[in-house]
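# An overview of the molecular structure
Each chain, written out:
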Amino acid sequence: MRFANLSPRPLRRGSGRGGAAKWMLALALALAGCGDSDSGSPIGVNNVSPTGSVGGIVLDASTLKPMQGVPVTVIAGARILPSAENPAQTDAEGRFSIDGIPTGDLIVQISPKANHQPVAIEATLINAAGEFPLANSTLSLGPLALIPLATADSAFKVQLINPDGSPAASVKAHLRTAAAWVDLATGLPTGRGTAVAEAQSDNTGLIRFTGMPDFLKIASLVGSGGVSDSVRVVLPPLDTNKDGVADFFGKEVTFSVTKQGAAVPQVILTSATPGALTIVASNIAGLMGKDGNWVLGSVSGPLFIAFNWPIDQKLTELSLFDEQGKAVPSAPTKTVTGNLMTINFQGLVGGSEYNLNLRTFALVEGTLLEGSFGSPLFTPTAAGAKVTATLKRGGAANPNRVFVTFSEPIGTGNAGQSLAGANAVLYFDADLNGGGTKGDAPGERGAETSNITLTIDEADPPGTCARSGLSKYWYYDLPLDPSNNPLAAGTAFDLLFTRTNVVVRRADGSSVPDLLNLSVPN
């Protein structure tokens, strides 16, 4: 059991009968000076016994009620009094008194049961008033209040983080409190002493300081008078990159326990200011702003995200929209463990594009870091599924426009890039120039080129997402025949994706095959 130490301080001391002794001695000396020097009968002064008593009142700091049965001993004159085996006990009013204490410097040890912080108070039992000795001097402590100890669940915790954002495991640290007990002698609560503990971080970087005062249980006293709930976490120098040279030179970080509450603060093993909150890994590369896989493993996910700092699940916001910007009815669910987030989905359609917006926060050494991220993501198609197209005329408002809806998003991957010019893909089974043959004009079957544009109809996604350059939704305007009329319904045409100078691809990166023998819709 560790005791919380206290430096010597002024304490209330009662004179008892020592005050009367002082005046009697003064009177005796005065009479001796006035007597006949020839009388041969000088007045003698006997030394008083150099012992006294120590007493006080012990309260519970969380309730300010007396604590009964608390063991108390005094170390004085190289002795433990009354004895280590049979200490004094506080009574029902929290009072204790120990007689026969040698005067001089002493230590009062108050050793409550395991659920309160033990303390050791350094003090002095005086044996004289100036030059006049005192008989049976007294030393009165308190009332003093003992602080309950935190349980394993309520113990103060911090998470240690390496400079790269990973958990710092197996790191030892010390915790020092600004108070170990509360002095109520003046009527104004005052924190006294300090408590110290050592602990080591686990594999997640979490370090739990058990056996320390629970300041949350005395929150009503914190800030009143001189009671401070500050704790100081002390970290030694470390070789974090294991190259044999210390690259972290130690750190001391102070926290207010009551302000932190149940939150677990992070301490970075670096002297630098925390950097921006970023995503360092994900199975959707777009969230990191990179090329790569953008397709979920299944329509339900999961989506994995690793941040460079531990994030707060309660402060994390998710929104999911389909390709046309409509909110998905079933909100995704998230689970956060440290710097790792897992997202699962419900109600998504295979072979579709969705746009995810994510906003989250990390509290790192008192600095609140905010990050906003967004990316398109795609659900997988069924095994062996082929790209197909559904055609529809524009109606009365735009009868010459044909809307093409593919069975899954396709495109070049460059936002807004339509298939035109050297990348045109539309070829019609028609004599567009009236030359009497097919294939001698651009856009006719058999021709080498086409001048008919297939336009991507990709909507701007909400939030921080950017367009993916892939879409289910495209359209083209019907070319005119030699009589300057739009081609008739039923005219056959082909989509020759393999003739482009760029790769027209699916979400999984595979190229889109040619689609042949389509017909202009009614």
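Everything below is about the structure shown above.
These notes cover the structure that comes with them. The numbering scheme is per chain: residues are counted from 1 as the chain's sequence reads. Residues qualify for local features only when their pLDDT is at least 70, as the model is predicted, and side-chain atom pairs are given and counted only at 80 or more; totals for whole chains, interfaces and linings, by contrast, use all residues. For the side-chain quantities, the full set of heavy atoms in the structure was used; hydrogens and water were omitted.

### Remarks on the overall build of the chain
Each helix is a run of DSSP H or I of at least 4 residues and each strand a run of E of at least 2, with the numbering of both proceeding from the N terminus. Within the chain, the regular secondary structure consists of two helices and 35 strands. To sort residues, take the accessible area from a 1.4 Å probe on protein chains only and compare it with the maximum for the residue type: under 20% means buried, over 50% means exposed, and anything in between is partly exposed. Here the chain holds 522 residues, and 43% of them are scored as buried. Residue pairs in contact within the chain that sit at least 24 positions apart in sequence constitute 67% of those at least 6 positions apart. Surface exposure of the chain reaches about 25,000 Å², of which carbon and sulfur atoms provide 52%. Any two residues whose heavy atoms approach within 4.5 Å are treated as being in contact. For the area figures, the Shrake-Rupley method with a 1.4 Å probe applies, and any residue is considered shielded solely by the protein chains shown.

### What to know about the sheet that holds strand β24 (residues 333–337)
Strand order in the open sheet formed by four strands is β21-β22-β25-β24, with antiparallel pairing between adjacent strands. Because the sheet does not close on itself, it has two edges, and the strands there are β21 (279–282) and β24. Geometrically, the sheet is characterised by an average inter-axis angle of 20 degrees between neighbouring strands, direction not taken into account. The pairing criterion for strands is at least two bridges between them, as found by DSSP. Bridge count between strand β22 (residues 303–307) and strand β25 (residues 340–344): four bridges; the pairing is antiparallel. Bridge pairing links Ala306 to Leu340 in β25. Lines fitted to C-alpha atoms define the axes here, with helix axes fitted over just the stretch in contact, and angles between the N-to-C directions of these axes take values from 0 to 180 degrees.

### Topic: the sheet that holds strand β11 (residues 137–146)
Judged by pairing direction, the sheet is mixed, and its five strands sit side by side in the order β6-β2-β11-β14-β15 without closing on themselves. The sheet terminates laterally at β6 (95–102) and β15 (190–192), the two strands that pair on one side only. Across the sheet, the mean angle separating the axes of adjacent strands is 35 degrees when strand polarity is ignored. Bridge count for β11 against strand β14 (residues 181–183) is three bridges, and the pairing is antiparallel. By the bridge assignment, Ala145 is partnered in β14 with Val182.

### Considering the side chain of Asp229
Note on placement: Asp229 falls in the loop between β17 (206–209) and β18 (230–235). For the buried Asp229, no salt bridge exists, and the shortest N-O distance to an oppositely charged side chain is 7.3 Å, to Lys259. Separated by 3.3 Å, the side chain of Asp229 and the backbone nitrogen of Val257 make a polar contact. Side chain to side chain, Asp229 and Thr258 meet in a polar contact 2.5 Å long. By the counting scheme adopted, Arg and Lys are positive, Glu and Asp are negative, and His together with the chain ends is not counted. Salt bridge, as used here, is a side-chain nitrogen of Lys or Arg placed within 4 Å of a carboxyl oxygen of Asp or Glu. Residues adjacent in sequence count toward polar contacts only when both atoms are side-chain atoms; beyond that, a polar contact is any pair of N or O atoms within 3.5 Å, and within protein one must be able to donate a hydrogen and the other to accept it.

### Concerning the pattern of salt bridges
Tallying each qualifying case throughout the model produces 11 salt bridges. Note that Glu408 is salt-bridged to Arg506, the shortest N-O span being 2.8 Å. With a gap of 98 residues between them, Glu408 in strand β29 (residues 401–411) and Arg506 in strand β34 (residues 505–506) connect regions that are remote in the sequence. With relative accessibility at 5%, the residue Glu408 sits in the buried group. Salt bridges linked by common partners bring Asp429, Lys438, Arg445 and Asp494 together as one network.

Functional significance is not addressed by these values, which are geometric in nature.
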